[in-house]
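What the coordinates show
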Amino acid sequence: MCPYKYFCVLMAIMVIVTGCTNFGADMKAEKMKICKETFLTDNKVSEKAFLTVGQILEETYIIEVVMYHYGNIYVEYPKIHCLKDKEREKKINSLIENHIFLEIVKEDDQGRLNELNMELECRITLQSRELLSFCYVGTVRIDDYSKPFDEFYSMTVDIKNVKELKLSDFVEIDENLVERIKKSTDISNQGLEENEDNEVLRESLLYQVKNIDTDFFIKTRKEGLYGFVLEPEALVVEERVYYAAGRYVLIRLPGRIIDNHFIFDKS
């Protein structure tokens, strides 16, 4: 029995439901009965619509943010629960853990592991039946004598097909994308989060964004390098900047996801 059943919430028919579905047959039938009584007003909604609700309930999941800790390493990361398909749930969690352990922490490098000082906070930016997008934000220092630096990592997971997605899965990586980024003024990084009135930093970041090397940007993004996250109404793209400016900047581009492709708002 799923230990998170008390977090389950039934919402409107076309709204994503976050909750557990791993109940006994009687309790599941009772949930469906309540759902039907709540949303099928006067029994005028079609059976097809009701079955859609049932499908949503079968595909929903909840997220637990857990902590990886070793030495001076503290990294939060998401773990999903309550998918009906437990094998798929296990594979998704393994995909996320491998991203943490092998690509970020790099557990196979014991020497580096013992010298690494890392504190990363996990931020969930988008959760739906099809997609889970999140990032890690914090500070990293390789040993006790080096300077700490701000760091940003990200991951977007295809929940149904159990795979990590790239920026190229959502948008065309071309000169039009780069020009859209260069024109954006909706930027952030840890420095601006800590002091949003720091206009010197903001102007420095905007200057570096406007002077992005177009060819290098296109090449590296097509190779799947550097990060991005999805939000309900935006695509957020990472760009590297000078150490003094915080090492990275996030550029927020408004739009929406349609059929798993990102459509930009008209400028």
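Just above sits the structure.
First, a word on scope: everything that follows refers to the structure included in this document. (Residues numbered from 1 in each chain as written. Predicted model: local features only at pLDDT ≥ 70, side-chain atom pairs only at ≥ 80, totals over all residues. Heavy atoms only, no water.)

1. Considering the sheet that holds strand β1 (residues 62-70)
Judged by pairing direction, the sheet is mixed, and its six strands sit side by side in the order β1-β2-β3-β4-β5-β6 without closing on themselves. Two strands bound the open sheet, and with one partner strand each, they are β1 and β6 (163-164). Strand direction decides the pairing type here: strand β3 (residues 117-127) and strand β4 (residues 131-141), joined by ten bridges, are antiparallel. Bridging from a neighbouring strand, I124 pairs with F134 of β4. Packed onto the sheet, helix α3 (residues 86-104) meets β1, β2 (72-81), β3, β4, β5 (149-158) and β6 and runs at close to 165° relative to β2. (Pairing = 2+ DSSP bridges. Helix = DSSP H or I, 4+ residues; strand = E, 2+ residues; numbered from the N terminus. Contact = heavy atoms within 4.5 Å. Axes fitted to C-alpha atoms, helices over the stretch in contact; angles between N-to-C directions.)

2. Quick look at helix α7 (residues 199-210)
Look at α7: 16 Å from first C-alpha to last across twelve residues, which is about the 16 Å you get at 1.5 Å a residue. Considered for burial, the residues of α7 that qualify are L201, L205, L206, Q208 and V209. Around the axis of α7, the buried residues are gathered within 165° of arc, so they sit on the same side. Relative to its buried face, α7 has exposed residues pointing more than 90 degrees away, namely V200, Y207 and K210. Tucked into the core, α7 has its buried residues touching α5 (175-183), β7 (187-188), α6 (190-194) and β10 (248-258). Looking at where α7 begins, the residue whose side-chain oxygen comes 3.4 Å from the main-chain nitrogen of V200 is N198. (Expected span 1.5 Å × (residues − 1). Buried < 20%, exposed > 50% of the residue type's maximum accessible area, 1.4 Å probe, protein only. Arc of directions from axis to C-beta. Polar contact = N/O pair within 3.5 Å; in protein donor to acceptor, adjacent residues only side chain to side chain.)

3. As for a negative patch on the surface
A cluster of acidic side chains, namely E107, D108, D109 and E115, defines a negative patch on the protein surface. Within the secondary structure, D109 sits in the loop between α3 and α4 (110-115). Given a relative accessible area of 36%, D109 falls into the partly exposed group. (Patch = residues over 30% accessible without salt bridge, like charges linked within 9 Å, V, L, I, M, F, W, Y side chains within 5 Å. Areas by Shrake-Rupley, 256 points an atom, 1.4 Å probe, with all protein chains shown as cover. Salt bridge = Lys/Arg side-chain N within 4 Å of Asp/Glu carboxyl O. Lys, Arg positive; Asp, Glu negative; His and termini not counted. Charge placed at Lys NZ, Arg CZ, Asp CG, Glu CD.)

4. Points about the pairing of strand β11 (residues 261-264)
A one-sided burial pattern is seen for β11, the buried positions being F262 and F264 and the unburied ones H261 and I263. Sheet topology note: the β10/β11 ladder contains four bridges and is antiparallel. Along β11, the bridge assignment pairs G255 with F264. The antiparallel hairpin formed by β10 and β11 contains two residues in its connecting segment, where D259 sits at a positive phi of about 50°.

5. Some points on the pairing of β2
Sheet topology places β1 next to β2; nine bridges connect them, and they run antiparallel. Among the inter-strand pairings, M67 is bridged to a residue of β2, identified as E76. Linking two consecutive strands that pair antiparallel, namely β1 and β2, is a turn of one residue; a positive phi of about 55° is found at G71 within it. Direction of pairing for β2 relative to β3: parallel, over a ladder of four bridges. In the strand pairing of β3, I73 is matched with M118.

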